[in-house]
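One letter stands for each residue in the lines below.
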Amino acid sequence: MLRLARRLRMPYLRAHAPEVLATARAQRWDPAEALRVLLAEEIAGRDEATIRARRKKAGFPAGKTFAVWNETASSIPQATQQALRTLEWVDRHENLCVCGPSGTGKSHFCEALGQAAIDSGRSVAWFAIDELGALVRRHRADDSITKAIARLTRVDLVIVDDIGMLPVGADAAEGFYRLVDAAYEHRSLAVSSNLHPSGFDELMPKTLATATVDRLLHHAHICLTDGDSFRLTQATAGKGVKPLPS
């Protein structure tokens, strides 16, 4: 049987077969039940492998999830948080814009949503806006930018983090516009920014900003964060590092 499982490329069934078959003999399972359990192990193993591969491919920066998220500390209303965590908006190809000062949980919330999306069987890609600029430069030589952007939008959710932290170059502005345009009404985008999207004309040419924001906000949920920086608060309370022995 193990040889057949190897031939059929069922590594998880093969790994669990000795234990499952021993249990089946000891408890006198019906053969159909033993087969069902073995196939269930194979399916579970494949699902876990798919999630691991999607998580790695997504390119998350920090591995932050809702397991370490304090929803009561966030200025985003808890009802809004819960509604967004259902990810129904992703299935409707709607967008999310999380805007507010640095340190108020924007990136953490977006990454946690992305991690949850992968856990639920969806696919995700994470970018900083300067990475979009690098992509544009890389594909401009052979005029394959459109195809490159199309590949980005094959996932269910694209997250672009920290818009407004640094000046946006011409290539990055073009890449962001192309991404928003390609995803419009076909895929969901989640954007975190120090600026409200209405202020994106401070970062990129006004005409390009207007066209980008028009498409981005047409089907978008906007969450505004405020308050003191979580990082600064932890640092001033002495919780940013492990205390040294005195």
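Residues numbered from 1 in each chain as written. Predicted model: local features only at pLDDT ≥ 70, side-chain atom pairs only at ≥ 80, totals over all residues. Heavy atoms only, no water.

1. Regarding the pairing of strand β3 (residues 157-163)
Most of β3 is tucked away: six of the seven residues are buried. Sheet topology places β3 next to strand β4 (residues 188-193); five bridges connect them, and they run parallel. Bridging from a neighbouring strand, Val-158 pairs with Leu-189 of β4. Tracing the backbone out of β3, into helix α9 (residues 170-183) and back to the parallel element β4 gives a crossover that is right-handed. (Buried < 20%, exposed > 50% of the residue type's maximum accessible area, 1.4 Å probe, protein only. Helix = DSSP H or I, 4+ residues; strand = E, 2+ residues; numbered from the N terminus. Pairing = 2+ DSSP bridges. Right-handed = clockwise from strand over helix to strand, strands pointing away.)

2. Brief notes about the packing of aromatic side chains
For the coordinates displayed, the defined rule picks out four aromatic pairs. Seen from their ring centres, Phe-66 and Phe-109 are 5.8 Å apart, and the 70 degrees between their planes marks the pair as edge-to-face. Highlighted residues: Phe-66 in the loop between α3 (31-58) and α4 (78-85) and Phe-109 in helix α6 (residues 106-119), separated in sequence by 43 residues. Through pairs of rings, three or more aromatic residues link up here, namely Phe-66, Trp-69 and Phe-109. (Phe/Tyr/Trp six-rings, centres within 6.5 Å; stacked < 30°, edge-to-face > 60°.)

3. Some words on helix α8 (residues 145-152)
For α8, the complete set of buried residues consists of Ile-145, Ala-148, Ile-149 and Leu-152. For α8, the buried positions fall inside an angular range of 95 degrees around the axis, keeping them on one side. Of the exposed residues in α8, the ones pointing more than 90 degrees away from its buried face are Thr-146 and Lys-147. Turning to α8, the residues buried within the fold contact β2 (124-128), α7 (129-140), β3 and α9. (Arc of directions from axis to C-beta. Contact = heavy atoms within 4.5 Å.)

4. Concerning the packing of helix α2 (residues 11-26) against α3
At their nearest, the axes of α2 and α3 sit 9 Å apart, and the two run at 145 degrees to each other. Regarding α2 and α3, the two cross each other, and that crossing is right-handed. Listed contacts from α3 to Pro-11, Tyr-12, Leu-13, His-16, Ala-17, Val-20, Leu-21 and Ala-24 of α2 are Ala-34, Val-37, Leu-38, Leu-39, Glu-41, Glu-42, Gly-45, Arg-46, Ala-49 and Arg-52. Tallied by class, the residues present in the contact of α2 with α3 amount to twelve nonpolar, two polar and four charged. (Axes fitted to C-alpha atoms, helices over the stretch in contact; angles between N-to-C directions. Left-handed = near helix turned anticlockwise from the far one by under 90°. Nonpolar A, V, L, I, M, F, W, Y, C, P; charged D, E, K, R; others polar.)

5. Considering a positive patch on the surface
Where like charges cluster on the molecular surface, the positive patch consists of Lys-57, Lys-147, Arg-151 and Arg-154. Note that Lys-147 resides in helix α8. Owing to a relative accessible area of 62%, Lys-147 belongs among the exposed residues under this scheme. (Patch = residues over 30% accessible without salt bridge, like charges linked within 9 Å, V, L, I, M, F, W, Y side chains within 5 Å. Areas by Shrake-Rupley, 256 points an atom, 1.4 Å probe, with all protein chains shown as cover. Salt bridge = Lys/Arg side-chain N within 4 Å of Asp/Glu carboxyl O. Lys, Arg positive; Asp, Glu negative; His and termini not counted. Charge placed at Lys NZ, Arg CZ, Asp CG, Glu CD.)

6. Comments concerning the state of the cysteines
In total, this model carries zero disulfides according to the counting rule given. Here Cys-97 stays unpaired: no disulfide links it, and the sulfur of Cys-99, its closest cysteine neighbor, is 5.6 Å away. (Disulfide = S-S within 2.5 Å.)

7. Quick word on the environment of Leu-39
Looking at where Leu-39 falls in the secondary structure, it is placed in helix α3. Separated by 27 residues in the primary sequence, Leu-39 and Tyr-12 place their C-alpha atoms 8.8 Å from one another. With near-sequence residues (within four places) excluded, Leu-39 lies in contact with Met-10 and Leu-13.

8. Some details on the pattern of salt bridges
Two side chains with opposite charge may pair up if their charged atoms get near one another. Taken as a whole and assessed by the stated rule, the structure comprises 13 salt bridges. Linked through salt bridges whose partners overlap, the residues forming this network are Arg-137, Arg-140, Asp-171, Glu-174 and Arg-178.

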